[in-house]
Amino acid sequence: MQESTQTRPAPAGEQAVWRVNGARVSAWRAWDGEVVVYDDLSGDTLKLDAVMSEIFRRLQQGAATQNALGEHLAATLELPETDLRLVRLIEVALERLDHCGLVAAIRTSR
Amino acid sequence: MARRRSGSRARLRELHPRSSHPRLRAGRRGCRHDGGLRRLRRSGPRALPVRVSAWSQEELAERLRGPGIYLHTGPFLSHIRTAVPAVAEGIALLYADHKVSAEEPYADFHIALQRPGSLRRWISPQVRFEYDGLLPFKPLPLGQALPMLEWGLNWCIGAHGHQFLIIHAAVIERNGLAAILPGAPGSGKSTLTACLVHNGWRLLSDEMALVSLQDGGLTALARPISLKNRSIDLIADILPNAALSARSEDTVKGAVALLKPPTTSVERVAEPARPAWVIFPTFKLGAATELACRSKADTLIELGRNAFNYSVHGARGFEALSGLVDTCACYRLTYGEMTEALALFGCLDAQAAGPVGART
């Protein structure tokens, strides 16, 4: 029943809006930038890497597009938003978070 | 409820036609299931528990051979029966300071260590561990009967003590603050614990940290410390006056001997402790003593791996574990010299008297 939209391409000019999957994540902790999440569905406890942790924490504050996440991480990591490495890191992190069912794309926005 | 109990008993009678299962004998023996209350009414107030050392070794052995003894180890009460002399001697030595009763209205665990009656007993005698009349393990050589009692008790607690979050770790305490020492077999955890509890620290447990799901406090067991292989001689040298059981050779863990817990630790077994440190010790011959900070996220994951029943508790277990990690300073300790490690723990304790101690 996992909601997965990462593989569903958004129409041109539109971006997926990501949010934390509240149905699976009711408990999490962060220490020194490292997030540990309890997955209610599987019973697994997952430690997220630095980029995933930052994305997860940002999404806890509210849903965001990949561009918004890019802005947030660029500010946090002091990198230019256009840095291709950063764009790729965010893509991979979202893909992995989505694969674990911790985040989901809810709708698209222009 | 009544119908379910009755059905369950009927199934047990099919499995145990000679009524050897404790639940089928509940009315006679007074175990927790329903006979206990009837027995209490008949026999009036029961005698208060006494120290094991209050009984002579002959009396203890006779009780173990007959109706059994009720041994109090922290929050758990075990009903133990055995005709194996080495186990009786081991209990007399290692549990001398623990409370024991001749009868109780119930017990958490009904345990028996018995020799199988097969022909094999003449060639290669064995001992088997019975829990509640069932056999959870394969028999072991008779010479391993005492370690089998300890391993069996550990199993009973790990498999049934779900009122706690149970982590595989030693726990020691000083001035109300506890250090949790998780460690893989061979990491030197028990050796270090044995030395610390004979140098000013109180033993809560050598094997299991019992974490309260309500307030995160740690409950003591104060059971014997299991020493393996080279650590047996090492501890015998360092602590010449400590009571050590006979060695059991060729167990799955190598040679094993059990160290009696200090009397003060047993006397204070009812006192809980607040967790203050999580320290992962590793002994490396010749290594310099080093205490390095460990990330709390890593610590939580590792403690979860070391827990017996983390998955049983679900999100509640996560909350208990993350609360524990929140409270504690987390370290990785490498040591090659026991005196240096002891000195380091002394410094930890001194630090706790300052700002760390203030948070409790």
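In case you missed it, the structure is sitting above this.
Here the structure is a predicted model, which is why all the values come from computation and not from measurement.

1. With respect to the overall build of chain A
Then, in step 1: Counting its secondary structure elements, chain A contains three helices and six strands.
Then, in step 2: Listing every helix and strand of chain A by position from the N terminus yields β-β-β-β-α-β-α-α-β.
Then, in step 3: Counting only residues that meet the buried cut, chain A has 33% of its 110 residues in that class.

2. Some words on the overall build of chain B
Then, in step 1: A tally of regular secondary structure across chain B gives 13 helices and 18 strands.
Then, in step 2: A buried classification covers 42% of the 360 residues belonging to chain B.
Then, in step 3: Considering only intrachain contacts with a sequence separation of at least 6, the fraction spanning at least 24 residues in chain B is 72%.

3. Some words on helix H5 (residues 85-94) of chain B
All names here are of chain B.
Then, in step 1: The set of residues buried in H5 consists of Val87, Ala88, Gly90, Ile91 and Leu94. Viewed end-on, H5 has its buried residues packed into an arc of 160 degrees, placing them on one side of the element.
Then, in step 2: Tucked inside the fold, the buried residues of H5 contact helix H4 (57-65), strand S3 (76-82), strand S5 (109-114), helix H6 (145-160) and strand S15 (254-259).

4. Concerning the sheet that holds strand S3 (residues 34-39) of chain A
Remark on secondary structure: sheet strands pair via backbone hydrogen bonds, oriented parallel or antiparallel.
All names here are of chain A.
Then, in step 1: Strands sit in the order S2-S3-S4 across an open sheet of three strands; the sheet is antiparallel. Edge positions in the sheet fall to strand S2 (25-31) and strand S4 (45-47), since each of these pairs with one other strand and no more. Taken over all neighbouring pairs, the strand axes of this sheet differ in orientation by 20 degrees on average, direction set aside.
Then, in step 2: Taken together, the six bridges between S2 and S3 define a ladder with antiparallel strand orientation. Paired with Trp31 across the bridge in S3 is Glu34.
Then, in step 3: On top of the sheet, helix H1 (residues 50-61) reaches S2 and S3; it is set at about 70 degrees to S3, its chief contact.

5. A closer look at the packing of H1(A) against helix H3 (residues 84-100) of chain A
Residue and element names in this part refer to chain A.
Then, in step 1: With their axes 9 Å apart at the nearest point, H1 and H3 run at an angle of 75 degrees to one another. When the axes of H1 and H3 are compared, the pair comes out roughly perpendicular. Along its contact with H1, which presents Val51, Met52, Ile55 and Phe56, the element H3 presents Leu89, Ile90, Ala93, Leu94, Arg96 and Leu97.
Then, in step 2: Of the residues contributing to the contact of H1 with H3, the split by class is nine nonpolar, no polar and one charged.

6. Points about the interface of chain A and chain B
Then, in step 1: Facing the twelve residues of chain A at the interface are twelve residues of chain B.
Then, in step 2: Here the side of chain A that touches chain B gets four residues from one element, more than from any other, and that element is S2(A).

7. A closer look at the pairing of strand S14 (residues 248-251) of chain B
Residues and elements named next belong to chain B.
Then, in step 1: One ladder, built from two bridges, connects S14 with S15; its direction is antiparallel. Of the residues in S15, the one forming a bridge with Thr251 is Gly254.
Then, in step 2: The loop that links S14 with its antiparallel partner S15 comprises two residues.

8. Observations concerning the packing of H5(B) against H6(B)
Residues and elements named next belong to chain B.
Then, in step 1: At a minimum axis separation of 8 Å, H5 and H6 run at an interaxial angle of 65 degrees. The two elements H5 and H6 meet at a crossing, and its hand is right-handed. Note on element contacts: H6 touches H5 through Ala145, Leu146 and Leu149, opposite Ala86, Val87 and Gly90.

9. Brief notes about H6(B)
Given 3.6 residues to a turn, an α-helix orients residues that are three or four positions apart in the same direction.
Then, in step 1: Here H6(B) contains 16 residues, and its C-alpha end-to-end distance of 22 Å stays within 8% of the 22 Å for a straight helix at 1.5 Å per residue.
Then, in step 2: Counting buried positions along H6(B) gives twelve out of 16 residues, so the element sits mostly inside the fold.

10. Concerning unusual backbone geometry
Residue and element names in this part refer to chain B.
Then, in step 1: For Ala222, which is not a glycine, the phi torsion comes out positive at approximately 55 degrees.
Then, in step 2: Within the fold, Ala222 resides in the loop between strand S12 (218-219) and strand S13 (225-228).
Then, in step 3: If you check the backbone angles, Asn229 has positive phi at about 50 degrees while not being a glycine.
Then, in step 4: For Asn229, the location among the structural elements is in the loop between S13 and helix H8 (230-238).
Then, in step 5: Owing to 14 C-beta atoms within 10 Å, Asn229 belongs among the partly exposed residues under this scheme.

11. A few points about the environment of A:Leu77
Then, in step 1: Note on placement: A:Leu77 falls in helix H2 (residues 66-77).
Then, in step 2: With 26 residues separating them along the chain, A:Leu77 and A:Val51 place their C-alpha atoms 9.5 Å apart.

12. Let's talk about the sheet that holds S13(B)
Residue and element names in this part refer to chain B.
Then, in step 1: Strands sit in the order S13-S15-S14 across an open sheet of three strands; the sheet is antiparallel. With one partner strand each, in any of the chains shown, S13 and S14 form the two edges of the open sheet. In this sheet, adjacent strand axes meet at a mean angle of 35 degrees when their direction is disregarded.
Then, in step 2: Strand contacts of H8: S13 and S15, with the helix running at about 115 degrees to S13, the strand carrying the most contacts.

About the criteria used
Residues numbered from 1 in each chain as written. Chains lettered and ligands numbered in written order. Predicted model: local features only at pLDDT ≥ 70, side-chain atom pairs only at ≥ 80, totals over all residues. Helix = DSSP H or I, 4+ residues; strand = E, 2+ residues; numbered from the N terminus. Buried ≥ 20, exposed ≤ 12 C-beta atoms within 10 Å, placed from the backbone. Contact = placed C-beta atoms within 7 Å. Arc of directions from axis to C-beta. Pairing = 2+ DSSP bridges. Axes fitted to C-alpha atoms, helices over the stretch in contact; angles between N-to-C directions. Parallel < 35°, antiparallel > 145°, perpendicular 65-115°, else oblique. Nonpolar A, V, L, I, M, F, W, Y, C, P; charged D, E, K, R; others polar. Left-handed = near helix turned anticlockwise from the far one by under 90°. Expected span 1.5 Å × (residues − 1).

None of the figures reported here should be taken as evidence of function without further support.
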